[in-house]
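Here's the letter readout for the chains.
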Amino acid sequence: MKTVTADINDVLIDCQSLWKVFGDKSAAAMKSIKERGLGKKEVLKEYNCVVGVSEASLQVRRGEIFCIMGLSGSGKSTLIRLLNKLITPSAGKVLVKGRDLAALSPVDLRQMRARNIGMVFQSVALLPHRTVLENAAFGLEVQGITKPERNKTAVAALEKVGLADWVNRYPGELSGGMQQRVGLARALASDPEIILMDEPFSALDPLIRRQLQDEFRQLTKALGKSAVFITHDLDEAIRIGDRIAIMKDGVIIQTGTAEEIILNPADAYVAEFVAGISRLHLIKAHSVMRSVAEFQQSAPNSDIASLARTTPDADIDELITLTMQSERDAIAVVDNGQIVGVVTPRSLLMGVKGPSAHDLPAASTNWS
Amino acid sequence: MNPSILQFSPGAFLAPSVDWLNTNFHPLFAAISYLVEAVLSGFEAALLFVPPYGLIAIVVVLAFVAVGLRAAILAGLCLGFCLLMGLWTASMQTLSLVTVAVLISVLIAFPIGVLCSRYKTLEAMVRPVLDVMQTVPPWVYLIPAVMIFSLGRVPAIIATIVYGIPPMLRLTTLAFNQVPKEFIELGSAIGAPPRSVLWKIEIPLAKQTLLVGLNQCILLSLAMVVLAGLVGAGGLGAEVTRGLTRMEMGLGLRAGLAIVAVALLLDRLSRGLLDRDRLPKAK
Amino acid sequence: MDSSGFIDLFDEWTDSALEWVSDNGEFLFDSIRQVLEGLYAGILWLLELPPFYLIALIVALVGWRLVNVWFALLSGVALALCFSMGLWPETMSTLALVLTATTLALVIGIPIGIMAGFFPALDRFMEPGLDLIQTLPPYIYLLPAIALLGYGPATALIATVIVAVPPAIRLTSLGIRMTPKEFIELGEALGMTPAKMFFKIRLPFALPSIMAGINQSLMMAFGMVVIAGIVGSGGLGETIYGAIRTLDIATSINGAIAIVVLTMVLDRITQSAARLGTRRKS
């Protein structure tokens, strides 16, 4: 998976301590949470309100695909809708391109949604009585763009998703995967900087899902867009995302790259999730290498300079191959001409296996 | 048999208030009467101005374009039948009453229906009123109408309009409530202004149910208009009444059959629009 | 095309056809009329027997049992109101008419509905006919009735029965068809005879629908009341019709109140009976 480096300094979406409480008495409940630090159960009992999202903070950078992963009820659907204010937060701020969503007038908010933030839905929501072309052009139509122009843009978008031949068909004639591509084309047609994707591939069968995941990632990166992608499938998140946030019960438990999460799961809950993930391609040399000093201590007679070499980005799979090919017992990791570390078979095995369960803190229970 | 202690006649009690209404609001009622008569007469004149064959031809063509071949043929047959029965004028009178009434009913019921689907409190308030309105038999609407506007076409059309509102309103609310939530969300997410959401998303998706409401409104209005023949509304209803009261069976039968023809015409045309709207099938 | 000639011909033909039918079918129509008027008279006699407060009380009790105490009170008072407006005889007359008509409609409609439920072909065959009956303005059903039976309660009854039959057939048929497949399979697996199956499985499931059909039939019948008043059915229908024609505001309001009261009381009672049937089942 090639990664175009995201620009750390250009933050497109900035969420600060977002809360969402559902229920008639949500305002009062929110106040109590702030003042008395109530937990989810107490809020339910006292105010008959449900806490959907609690204290969520995240940042999405330009050019980055950010995945939010969680099971049903984790609050991920709520969180993504807070990002374009389809749901209004009970507390906290959402800044898109530096502008506070709460401060926008209705007209400005609509403009923001029309031009800067695109959205793709799980159910696609293609208007059944309009052709594929008209559906793809729909976002442009509500912006008031003239027909010839918007059709041109829509056709270009449909070409990008590979559906240029289907422009005059109706949604009912398309398969699920194709419908989802039209949804994507619709979002792309307005050329937004950010695309929000709400479990778009969940309803499709596994092979199509794989294909669309890859296509989506390639397309997004090629166009230089940022995306926030929610899913309940960790495999999908790892496949698509640059960074992943794991949610449970409305709380973001851990944020980081796939590698970071796998190497350092924040608690047993996360660890259990990542237990099934194959680490062969995710863990890199720089995470499993020993320092040169350490190696020299354990094997004083070894000639480091003559070891087989590799880069810090080499994954475990490569390292295993190298180790088996080499006659020596270690591989040197070289960065910028300098030897920065050594990978021994033992450290390699540790990398493959991962930390054991009782090294970790228990799953966070502050919200039970 | 009727101990005078218990004697209580709400009617006698209320009658003076109706009289009061009649005297004090007379200008208002007269204005409404005038307006309604003007619209109706205009419509009727238009329908009768065109020679019967011409009008039939126009309707057939319109039916063909809007619905289909079968509907067009049926339209031609029904109208031709009315002509054959020697009841062309009466049929046109009835049709103009129904058309004007339905138009106004829809104009009133549609916006309220949409508002009811958006605001649940409004719906809760309106629902019991609609329940009562639909339990009450149609002729009940004629009573106050006649009391205020005397006999003639005006009470007929006012009663018809009021009678036609509940089905249209209910089905409009239902239609909009049935639009899947994800499409509303889509409208918000792409930054569509509320008017766009209404016209481009909600109405097209609600169309099927809306047309059912229209169909119901039309048929109920026809029933009411025919009934109103009793109170001097003219049209086919008056002909049936004449046939019944004078035991002129031929006339009565002709008028009855003409009513059947008109009912079929209106029903098939409005249902035809419904079927036409069905989506292109998936392969 | 000379339509006026045709029209005159049509009228003549109609008149002579009718004469022929009423002459030759005189025996048939007379007996029909007698049966209908007999039924009506019988029910009317029953209703006129007790004094008004007794009937009001009975209705209130039924209302209490099926709905709630407020409804019972209201309906009792409302019926007493009919009396105090001096319209009791007419109210009973209308009630007799409606009850007779509905009962007849049910006696005809429910068996047909049951058969239609079992034989979809029959159902499909009747569908357009029922559609037609329900589409046409009810007013016109008076025509054939008057032609054959003249003025009087019999005519009103026939027209009302025609209008009240379709809902009974439709909803009964629907009810029969609505038995979930699993229960039919259960019955067959237990080796039930068709009769047992009908009474123990299908009927309970069909009951809510049938009750709704009874309610609808009743409401259709009430809708015909004033229309029936034109043909001399007596009762509130005639009262109101006369009052409208003479612009007698007071009487028309009274009559309207009486019918509306009667309609709503019976409507609520039958609806509650239907719901009660459903609840007991689940």
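Residues numbered from 1 in each chain as written. Chains lettered and ligands numbered in written order. Predicted model: local features only at pLDDT ≥ 70, side-chain atom pairs only at ≥ 80, totals over all residues.

### Remarks on the overall build of chain A
Turning to step 1, where the next piece is worked out: Counting its regular elements, chain A contains 16 helices and 13 strands.
Turning to step 2, where the next piece is worked out: With the principal axes as the frame, chain A shows a C-alpha extent of 75 × 60 × 35 Å.
Turning to step 3, where the next piece is worked out: Summarising the internal contacts of chain A: among those between residues at least 6 apart in sequence, 70% fall at separations of at least 24. (Helix = DSSP H or I, 4+ residues; strand = E, 2+ residues; numbered from the N terminus. Contact = placed C-beta atoms within 7 Å.)

### Details of the nonpolar core
Turning to step 1, where the next piece is worked out: By size, the foremost hydrophobic cluster in this structure holds 169 residues, and its most contacted members are Val262 of chain B together with Leu142 of chain C.
Turning to step 2, where the next piece is worked out: Looking at this core element by element, the count peaks at 16 residues for helix α10 (residues 194–227) of chain B.
Turning to step 3, where the next piece is worked out: Leave out the neighbours within four places in its chain, and valine 262 of chain B touches Cys78, Cys82, Ser91, Thr94, Leu95, Leu222 and Leu236 of chain B.
Turning to step 4, where the next piece is worked out: One finds Ala29, Phe216 and Phe273 of chain A together with Ile190 of chain B within the second-largest nonpolar core, a separate group that totals 100 residues. (Core = buried A, V, L, I, M, F, W, Y, C linked by C-beta atoms within 7 Å. Buried ≥ 20, exposed ≤ 12 C-beta atoms within 10 Å, placed from the backbone.)

### Re unusual backbone geometry
Glycine aside, residues mostly have negative phi, and peptide bonds are mostly found in the trans state.
Residue and element names in this part refer to chain A.
Turning to step 1, where the next piece is worked out: In this model, lysine 97 sits at a positive phi of 55°, which is unusual for a non-glycine residue.
Turning to step 2, where the next piece is worked out: Tracing the sequence through the fold places lysine 97 in the loop between β4 (91–96) and β5 (99–100).
Turning to step 3, where the next piece is worked out: The class for lysine 97 is partly exposed, based on 15 C-beta atoms found within 10 Å.
Turning to step 4, where the next piece is worked out: In the Ramachandran plot, asparagine 336 falls in the positive-phi region, its phi being about 60° despite a non-glycine side chain.
Turning to step 5, where the next piece is worked out: Exposure remark for asparagine 336: the 7 C-beta atoms within 10 Å place this residue in the exposed category.

### Comments concerning the sheet that holds strand β8 (residues 226–231) of chain A
All names here are of chain A.
Turning to step 1, where the next piece is worked out: Strand order in the open sheet formed by six strands is β6-β7-β8-β3-β9-β10, with mixed pairing between adjacent strands. The sheet is open, and its two edges are formed by β6 (117–120) and β10 (251–256), each paired on a single side. Strand-to-strand, the axes of this sheet are offset by a mean angle of 15°, without reference to chain direction.
Turning to step 2, where the next piece is worked out: By the bridge criterion, five bridges tie strand β9 (residues 243–248) to β10 in an arrangement that is antiparallel. Bridging across to β10, isoleucine 246 finds its partner in glutamine 254. (Pairing = 2+ DSSP bridges. Axes fitted to C-alpha atoms, helices over the stretch in contact; angles between N-to-C directions.)

### A closer look at the UniProt feature "domain: ABC transporter" (unreviewed entry) in chain A
Turning to step 1, where the next piece is worked out: Within this structure's numbering, the places UniProt gives as "domain: ABC transporter" (unreviewed entry) are residues 38–274 of chain A.
Turning to step 2, where the next piece is worked out: Here residues 38–274 of chain A runs as 43% helix and 23% strand, with 31 Å between its end C-alpha atoms. (UniProt positions renumbered as here; feature names shortened; annotations may be inferred.)

### Some words on the UniProt feature "domain: ABC transmembrane type-1" (unreviewed entry) in chain B
Turning to step 1, where the next piece is worked out: UniProt records the feature "domain: ABC transmembrane type-1" (unreviewed entry) for residues 91–270 of chain B in the present numbering.
Turning to step 2, where the next piece is worked out: The span residues 91–270 of chain B is 87% helix and 0% strand, and its two end C-alpha atoms sit 18 Å from each other.

### Description of the environment of proline 144 of chain C
Turning to step 1, where the next piece is worked out: Within the fold, proline 144 of chain C resides in helix α7 (residues 142–149).
Turning to step 2, where the next piece is worked out: Expressed as a C-alpha distance, the spacing of proline 144 of chain C and leucine 203 of chain C, which sit 59 residues apart in the sequence, is 36 Å.

### So, the arrangement of the chains
Turning to step 1, where the next piece is worked out: The assembly contains two pairs of chains in contact; the pair sharing the most contacts is chains B and C.
Turning to step 2, where the next piece is worked out: With no contact between them, chain A and chain C keep their nearest C-alpha atoms 30 Å apart.

### Topic: the interface of chain B and chain C
Turning to step 1, where the next piece is worked out: With 43 residues of chain B at the contact, the number on the chain C side is 43 residues.
Turning to step 2, where the next piece is worked out: No other element matches the eleven residues that helix α12 (residues 249–276) of chain B contributes to the side of chain B that touches chain C.
Turning to step 3, where the next piece is worked out: Tallied by class, the residues present in the side of chain B that touches chain C amount to 31 nonpolar, ten polar and two charged. (Nonpolar A, V, L, I, M, F, W, Y, C, P; charged D, E, K, R; others polar.)

### Concerning the UniProt feature "transmembrane region" (unreviewed entry) in chain B
All names here are of chain B.
Turning to step 1, where the next piece is worked out: UniProt records the feature "transmembrane region" (unreviewed entry) at residues 55–88, 95–119, 139–165, 210–231 and 251–269, using the numbering of this structure.
Turning to step 2, where the next piece is worked out: Taken end to end, residues 55–88 is 85% helix and 0% strand, and its first and last C-alpha atoms sit 11 Å apart.
Turning to step 3, where the next piece is worked out: The annotated region residues 95–119 carries 96% helix and 0% strand content, and the separation between its end C-alpha atoms amounts to 35 Å.

### A few points about the interface of chain A and chain B
Turning to step 1, where the next piece is worked out: Facing 19 residues of chain A, the contacting portion of chain B comprises 18 residues.
Turning to step 2, where the next piece is worked out: The set of elements that each furnish at least two residues to the side of chain A that touches chain B consists of α4 (106–116) and α6 (138–142) of chain A.
Turning to step 3, where the next piece is worked out: A total of four residues in the side of chain A that touches chain B trace back to one element, the largest contributor, which is α4 of chain A.
Turning to step 4, where the next piece is worked out: Among the residues forming the side of chain A that touches chain B, the class breakdown is ten nonpolar, six polar and three charged.

### Some details on the domain arrangement of chain A
Residues and elements named next belong to chain A.
Turning to step 1, where the next piece is worked out: The domain boundaries assigned to chain A delineate domain 1 (62–87 + 104–280) and domain 2 (282–353).
Turning to step 2, where the next piece is worked out: Contact residues are listed per partner, giving seven residues for domain 1 and nine residues for domain 2.
Turning to step 3, where the next piece is worked out: Taken together, the residues that form the side of domain 1 that touches domain 2 break down as five nonpolar, no polar and two charged. (Domains from an automatic or database assignment.)

### Some thoughts on the confidence of the model for chain B
Turning to step 1, where the next piece is worked out: Confidence in the prediction of chain B, expressed as mean pLDDT, is 84, and 95% of residues score 70 or more.
Turning to step 2, where the next piece is worked out: Of all the helices and strands in chain B, helix α1 (residues 10–24) of chain B carries the lowest mean pLDDT, 76, while helix α5 (residues 88–118) of chain B carries the highest, 92. (pLDDT = per-residue confidence, 0-100.)

### With respect to the environment of threonine 311 of chain A
Residues and elements named next belong to chain A.
Turning to step 1, where the next piece is worked out: By secondary structure assignment, the location of threonine 311 is in the loop between β11 (308–310) and α15 (316–325).
Turning to step 2, where the next piece is worked out: Separated by 25 residues in the primary sequence, threonine 311 and histidine 286 have C-alpha atoms spaced 8.3 Å apart.
Turning to step 3, where the next piece is worked out: When residues no more than four places from it in sequence are discounted, the contact partners of threonine 311 are Ala285, Val334 and Asp335.

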